[in-house]
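Notes for the structure review
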2 protein chains.
Amino acid sequence: MTPVTYGIAIFPSKHIQDVANSYRMRYDPRYSLIPPHITLKERFQATEDEIKQVEDACQKLADEMDPFDIEINRVSSFSPITHTVYLKIEENDDLTYLSNKMHEEPFPQEREHKFVPHITISQELSEDEHSDVYGSLRLSEFDLKDTVDRFQLLYQLDDGAWTVHETFKFGKE
Amino acid sequence: MTPVTYGIAIFPSKHIQDVANSYRMRYDPRYSLIPPHITLKERFQATEDEIKQVEDACQKLADEMDPFDIEINRVSSFSPITHTVYLKIEENDDLTYLSNKMHEEPFPQEREHKFVPHITISQELSEDEHSDVYGSLRLSEFDLKDTVDRFQLLYQLDDGAWTVHETFKFGKE
C-alpha cells in the first residue's frame, strides 16, 4: 500500500466559509480542492497502521478539549515568504495547543513553518496581483466570530482534492 | 437564521474516489463541489434545532450498524430521466436500510426518487454527449470493492460546495 497524504483542519462556520469563498473564488486557484479551513497540521504521509495511531491520538485530544471561541478582525499576508493573503485568526491558545499536540508523538513531528492560524483567501498569484489584492483588503475590518467544537482528519485524492476521513468533536460523549 | 441545506453521503475508499474522479473531471461539471460519494439522503433543509435531532438520529443509526461490503461491477445511466451516468453499487440491503431510515422521523420524509445507490461520474451533459460517454463505458467491467464503516452529514455553502459537518462511524465505541 502506498502511504496516503493526510492533513488536519478546522472548518469554521458556514458564514465564515461563505465570506472566505467570496474572495477565494477570485484569488485562489486551489479554491475547489477543499472548503475554507484553518490548517492545524499540514500534509503528512501515513500508512494504514500509522494513521490508526494518529486517529486514536486525535480522539484523545478532542475528548479533553472544550469548545472555544475564535475571532477574525482583519486580513494579513505571508509575503515575502509566499504570496498568500489570509483571514487572520486572532491569537488563540487553544488553537496553538491543538496544533502543538499534533506535532508530538504519535504524530509526525516535522514542522515547516511556525503555526500562524489563518484561513487562506488568496494564493499563488503573481507579485503584482498579490499586491493588488492585499492592498485592497489590508485596511478592511472584519467582525467574524465562531465557536470551534471539532476538527477533521482529511486525506488527499490523486487530483489534489481533499476528502474528510473523520470528525473529532470536543468533549467526552 | 436561514435554514441550511444538508445532505448525507458515504465517501467510498480513496481508490474508488480516484477511479470516479478520472471520469468526473471530464464529464461532470459539478466535479469540484464535492468528492465522489454515494448519496444516502438528498439535500434537505433544516434549522439549528432540527439538525440537532437529525444528528442524534444519525448517531443512533450508526451505533447499531456493523461495517458492510459494497461492490461495483459496471456503470449504468438514469437516462431518459436525467443524463446521469454512474458507477452502480450492486444491490445492498445495508445501504437500502440506511437510506430508508433516513427518510423516517425525525428526518424529513420527502423522497423524490427511488433509492438507487450510485456514484455519479457524468451529469448535465447534452443528449449526444451523454450517449457518447455512456456508449463508451456501458460495456466496461469494473471490479471495485470497499468496506463501508461510516457516513457523513454535510452542508452546502453559498457557492454550491459541500463541507462535512460530522462523521458517524458504525458500531458503539
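Residues numbered from 1 in each chain as written. Chains lettered and ligands numbered in written order. Predicted model: local features only at pLDDT ≥ 70, side-chain atom pairs only at ≥ 80, totals over all residues. Heavy atoms only, no water.

Where an unreviewed UniProt entry is consulted, chain A appears under the name Putative phosphoesterase J2R98_001619, with the organism given as Alkalibacillus filiformis. Of chain A, the UniProt comment under Sequence similarities (unreviewed entry) reads exactly: "Belongs to the 2H phosphoesterase superfamily. YjcG family." (UniProt positions renumbered as here; feature names shortened; annotations may be inferred.)

1. Here we look at the overall build of chain A
When you go through chain A residue by residue, the secondary structure sums to 4 helices and 8 strands. Taken over the C-alpha trace, chain A has a radius of gyration of 16 Å; the compact-globule value for 173 residues is 16 Å, and the two agree within 12%. Each principal axis of the C-alpha atoms in chain A carries an extent, and together these give about 45 × 35 × 25 Å. Put simply, chain A has 173 residues, and 51% of those count as buried. Contacts spanning at least 24 positions in sequence make up 73% of the contacts within chain A whose residues lie at least 6 apart. Just so you have it, chain A exposes about 8900 Å², and 45% of that area is on carbon and sulfur atoms. Each charge sign in chain A was given a centre, from 18 positive and 34 negative side chains, and these centres are 2 Å apart. (Helix = DSSP H or I, 4+ residues; strand = E, 2+ residues; numbered from the N terminus. Rg over C-alpha atoms; globule rule 2.2 N^0.38 Å. Buried < 20%, exposed > 50% of the residue type's maximum accessible area, 1.4 Å probe, protein only. Contact = heavy atoms within 4.5 Å. Areas by Shrake-Rupley, 256 points an atom, 1.4 Å probe, with all protein chains shown as cover. Lys, Arg positive; Asp, Glu negative; His and termini not counted. Charge placed at Lys NZ, Arg CZ, Asp CG, Glu CD.)

2. Quick notes on the interface of chain B and chain A
Interface extent is often summarised as the accessible area lost during association of the parts. With 27 residues of chain B at the interface, the matching set in chain A holds 27 residues. It is Lys14(B), Leu157(B) and Asp159(B) that lose the most area in chain B upon contact with chain A, and together they represent 23% of the buried surface on that side. Scanning the region where chain B abuts chain A turns up 6 salt bridges. Among the ionic pairs, Lys14(B) bridges to Asp158(A), the shortest N-O distance being 2.7 Å. Of all elements in the fold, only helix H1 (14-27), strand S7 (150-156) and strand S8 (162-169) of chain B reach the threshold of two or more residues within the side of chain B that touches chain A. A per-element tally of the side of chain B that touches chain A places S8(B) first, with 7 residues. Per-class residue counts for the side of chain B that touches chain A are 11 nonpolar, 8 polar and 8 charged. (Buried area = accessible area lost by both parts, 1.4 Å probe. Salt bridge = Lys/Arg side-chain N within 4 Å of Asp/Glu carboxyl O. Nonpolar A, V, L, I, M, F, W, Y, C, P; charged D, E, K, R; others polar.)

3. Digging into the sheet that holds strand S3 (residues 68-77) of chain B
Strands in a sheet are paired, the pairing made by backbone hydrogen bonds, and the direction either parallel or antiparallel. Residues and elements named next belong to chain B. Spatial strand order, S5-S4-S3-S6: 4 strands in an open sheet with antiparallel pairing. The two strands at the open ends of the sheet, each matched to only one other strand, are strand S5 (118-122) and strand S6 (144-148). Within the sheet, the average angular offset between the axes of one strand and its neighbour, ignoring direction, is 35°. Pairing geometry for S3 and strand S4 (residues 85-89), over 5 bridges, is antiparallel. By the bridge assignment for S4, Ser77 is matched with Val85. Where helix H4 (residues 127-137) meets the sheet, its contacts fall on S3, S4 and S5, and the angle it forms with S3 comes to roughly 125°. (Pairing = 2+ DSSP bridges. Axes fitted to C-alpha atoms, helices over the stretch in contact; angles between N-to-C directions.)

4. Section: the packing of aromatic side chains
Residue and element names in this part refer to chain B. Inspection of every chain in the model, using the stated rule, returns 14 aromatic pairs over all chains. With centroids separated by 6.3 Å and ring planes inclined at 70°, the aromatic side chains of Tyr23 and Phe142 adopt a geometry described as edge-to-face. Pair noted here: Tyr23 is in helix H1 and Phe142 is in the loop between H4 and S6, with a separation of 119 residues, a long-range link. Each member of the pair Tyr23 and Phe142 is classed as buried. (Phe/Tyr/Trp six-rings, centres within 6.5 Å; stacked < 30°, edge-to-face > 60°.)

5. Notes on the relation of the copies chain B and chain A
Overlaying chain B on chain A yields an RMSD of 0.0 Å, the required transformation being a rotation through 180° with an accompanying axial translation of 0.0 Å. The symmetry that links the two subunits is that of a two-fold axis. Take the interface residues of chain B: 100% of them recur as interface residues in chain A, which is what a same-surface contact looks like. (Least-squares fit on C-alpha atoms with pLDDT ≥ 70 in both.)

6. A short note on the pairing of S6(B)
Residues and elements named next belong to chain B. Burial of S6 is one-sided: the residues Leu144, Asp146 and Val148 facing one way are buried, the residues Lys145 and Thr147 facing the other way are not. Inspection of the sheet shows S3 paired to S6 by 5 bridges, in the antiparallel sense. The residue of S6 that forms the bridge with Glu71 is Lys145.

7. Section: the sheet that holds strand S5 (residues 118-122) of chain A
Residue and element names in this part refer to chain A. One open sheet accounts for 4 strands, arranged S5-S4-S3-S6; its pairing is antiparallel. On the outer flanks of this sheet lie S5 and strand S6 (144-148), each paired with one strand and no other. In this sheet, neighbouring strand axes are inclined to one another by 35° on average, regardless of whether the strands run parallel or antiparallel. Along the sheet face, helix H1 (residues 14-27) touches strand S3 (68-77), strand S4 (85-89), S5 and S6 and points at about 35° away from the line of S5.

8. Some thoughts on a negative patch on the surface
Residues Asp66(A), Glu91(A), Asp93(A) and Asp94(A) make up a contiguous surface patch of negative charge. Here Asp66(A) shows up in the loop between helix H2 (48-63) and S3. (Patch = residues over 30% accessible without salt bridge, like charges linked within 9 Å, V, L, I, M, F, W, Y side chains within 5 Å.)

9. A short note on the side chain of Ser76(B)
All names here are of chain B. Structurally, Ser76 is set in strand S3. Accessibility expressed as a relative area gives 13% for Ser76, which makes it buried. For Ser76, the residues in contact, after removing those within four places along its chain, are Thr84, Val85, Tyr86, Lys88 and Tyr134.

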